[in-house]
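# Structural overview for review
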Amino acid sequence: MNTPVYLERVRFQQALEKWEADCRQRMALRYPAIQYDSDVWPLKGLALTGATDYSFTAPLADFTAKHASLATAFRCHVAELVLEEKIKAIRVATSGFRALRLAPVESLIDLNSAALRSIEATLLQRARSQPSTAKRALEDLDKLGRALDTLAAKGVVPPLRYTMKHETRTELLTLQASRQKQWWQTKAEMLDRMIEALNEAFNALFANDPRLAPGDRIAIAAMGLELCAPSRINEILCLSVEDHVTIDDYAKRKATRQTDGMHAAHQMLLITMKGSKGLNGALNLCSIS
């Protein structure tokens with residue numbers, strides 16, 4: 001008796017093999033220094049996007065208990081992202097594909113709508129238990145849909161056309177908003193205490209408080225300069241005592257317009273910044289209020 005041959009499964013497997021061969025060839029031509037099957041792709045200094053080196057160790061561990069087709073397709077997925085040369089954060093871009101580890105099927109070829117809804121339900125339940133994951137769940141499910149579209153375009157899976165259910169998106173957005181509100185409330189309380197502490201630090205500096213070490217004084221002074229003329233910290237550290245000039249006391253000048261009085265307090269001191277990108281010294285207005 002002849003063993004039945006599932007032509008559909010064979011077709012998908014052949015499409016995966018063809019996709020893998022194509023990715024290998026294109027990666028070899030574009031990035032000959034990268035070994036396709038290696039655990040780490042040394043992208044730093046090679047990718048036009050400025051991407052860092054990419055490690056397959058953790059992502060492929062997601063699919064250890066699954067059929068090899070998932071790991072094969074994942075590496076192809078990463079190759080497409082690298083070759084597209086539009087995405088810097090490869091690890092973030094692949095999080096949607098990695099959600100397939102939650103599918104209750106063993107093989108990529110066995111993916112169907114029920115399996116995808118199971119992934120969606122799992123991520124939703126996690127977000128209910130831990131609202132801080134709601135934002136990540138939203139992003140991963142959206143990326144999962146795009147990854148599946150790529151797989152379908154390569155003929156590796158049927159056109160599943162997955163989109164998140166409206167009810168799921170609504171609940172995840174609600175959980176995300178609730179979590180964000182809670183985070184901002186906590187942040188606001190911390191920020192109030194930080195501002196109070198900074199104010200006390202400035203008072204101690206101006207009072208020549210003996211508790212302040214020389215390093216403390218430099219740090220507090222740098223904070224003051226950053227508040228007055230926001231710049232990169234390296235520009236502040238490059239300043240010398242000669243990098244400021246006092247000019248005419250504009251407060252004594254008769255204001256001819258209402259705006260002149262407002263500007264007067266901001267034109268008492270000029271700080272010359274050297275610039276950190278090869279520019280000539282620039283002038284930044286420093287408020288003395």
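Now for a quick tour of the structure. (Residues numbered from 1 in each chain as written. Predicted model: local features only at pLDDT ≥ 70, side-chain atom pairs only at ≥ 80, totals over all residues. Heavy atoms only, no water.)

Across all of its chains, the model carries eight aromatic pairs by this definition. Measuring from centroid to centroid gives 6.0 Å for F63 and F97, while their planes differ by 85°, and the two rings are edge-to-face. Of the two residues, F63 is situated in the loop between α2 (57-61) and α3 (68-84) and F97 in helix α5 (residues 95-98); the sequence distance between them amounts to 34 residues. Residue classification places F97 among the buried residues on the basis of a relative accessible area of 0%. Judged by centre distance (6.4 Å) and plane angle (15°), the rings of F202 and F206 are stacked. Linking F202 with F206, this pair stays in helix α8 (residues 166-206), spanning four residues, or about one helical turn. Its relative accessible area of 66% is what places F206 among the exposed residues. One aromatic cluster is present, built from ring pairs that chain together Y36, W41, Y54, F56, F63, F74 and F97. Over the ring of F56 we find R75, and its NZ or CZ is 4.1 Å from the ring centre. (Phe/Tyr/Trp six-rings, centres within 6.5 Å; stacked < 30°, edge-to-face > 60°. Helix = DSSP H or I, 4+ residues; strand = E, 2+ residues; numbered from the N terminus. Buried < 20%, exposed > 50% of the residue type's maximum accessible area, 1.4 Å probe, protein only. Lys NZ or Arg CZ within 6 Å of the ring centre and 35° of its normal.)

With that out of the way, let us pick up the packing of helix α6 (residues 113-129) against helix α7 (residues 134-153). Where α6 contacts α7, the two axes come as close as 9 Å, and the packing angle between them is 165°. Overall, the two elements α6 and α7 adopt an arrangement that is roughly antiparallel. Here the hand of the crossing between α6 and α7 comes out right-handed. Two secondary-structure elements touch here, α6 through L116, I119, E120, L123 and A127 and α7 through A134, A137, L141, L144 and L148. (Axes fitted to C-alpha atoms, helices over the stretch in contact; angles between N-to-C directions. Parallel < 35°, antiparallel > 145°, perpendicular 65-115°, else oblique. Left-handed = near helix turned anticlockwise from the far one by under 90°. Contact = heavy atoms within 4.5 Å.)

Take the nonpolar core next. Counting residues in hydrophobic clusters, the biggest one holds 54 residues, and the most contacted among them are W41, L100, L111 and I119. Of all the secondary-structure elements, those providing two or more residues to this core are α1 (7-30), α3, α4 (90-93), α6, α7 and α8. Ranked by residue count, the leading element in this core is α3, at nine residues. Those residues in contact with I119, other than ones at most four positions away along the chain, are A99, L100, L102, A103, L141 and L144. Membership of the second largest hydrophobic core comes to five residues, among which are A204, L205, L212 and I220. (Core = buried A, V, L, I, M, F, W, Y, C linked by side-chain atoms within 4.5 Å.)

As a further point, take the pattern of salt bridges. This model, assessed by the stated rule, comprises 15 salt bridges. We note a salt bridge from R24 to D37, for which the minimum N-O separation is 2.7 Å. Remark: D37 occurs in the loop between α1 and β1 (40-41) and R24 occurs in helix α1; sequence separation between them is 13 residues. The partner of R30 in a salt bridge is E85, with the nearest N and O atoms 2.7 Å apart. Within this pair, whereas R30 is found in helix α1, its partner E85 is found in the loop between α3 and α4, the two being separated by 55 residues in sequence. Residues joined by salt bridges that share partners form a network here, namely D22, R26, E80 and K154. (Salt bridge = Lys/Arg side-chain N within 4 Å of Asp/Glu carboxyl O.)

This brings us to the packing of α8 against helix α9 (residues 214-228). The contact between α8 and α9 brings their axes to 10 Å, and the two run at 115°. The element α8 and its partner α9 pack so that their crossing is left-handed. Within the contact between the two elements, α8 uses L198, A201, F202 and L205 and α9 uses R217, I220, A221, M223, G224 and L227. Split into classes, the residues belonging to the contact of α8 with α9 amount to eight nonpolar, one polar and one charged. (Nonpolar A, V, L, I, M, F, W, Y, C, P; charged D, E, K, R; others polar.)

Before going further, it helps to examine α1. The terminal C-alpha atoms of α1, which comprises 24 residues, lie 34 Å apart, in line with the 34 Å expected from a rise of 1.5 Å per residue. Buried within α1 are the following residues: F12, A15, L16, W19, C23 and M27. Looking at the buried residues of α1, the elements they touch are β1, α3 and α7. (Expected span 1.5 Å × (residues − 1).)

Turning our eyes to something else, we now look at unusual backbone geometry. Despite not being glycine, R161 shows a phi value in the positive range, around 50°. Exposure remark for R161: the relative accessible area of 65% places this residue in the exposed category. Located in the positive-phi region is N208, a residue other than glycine, with phi close to 55°. Counting through the fold element by element, N208 comes out in the loop between α8 and α9.

Bringing the side chain of E120 into the picture now. Position of E120 relative to the elements: it lies in helix α6. A polar atom in the side chain of E120 sits 3.3 Å from the backbone nitrogen of K165. Leaving out residues up to four positions away in the same chain, E120 has contacts with L141, Y162, T163, M164, K165 and T168. (Polar contact = N/O pair within 3.5 Å; in protein donor to acceptor, adjacent residues only side chain to side chain.)

All we've got here are geometric facts, nothing functional implied.
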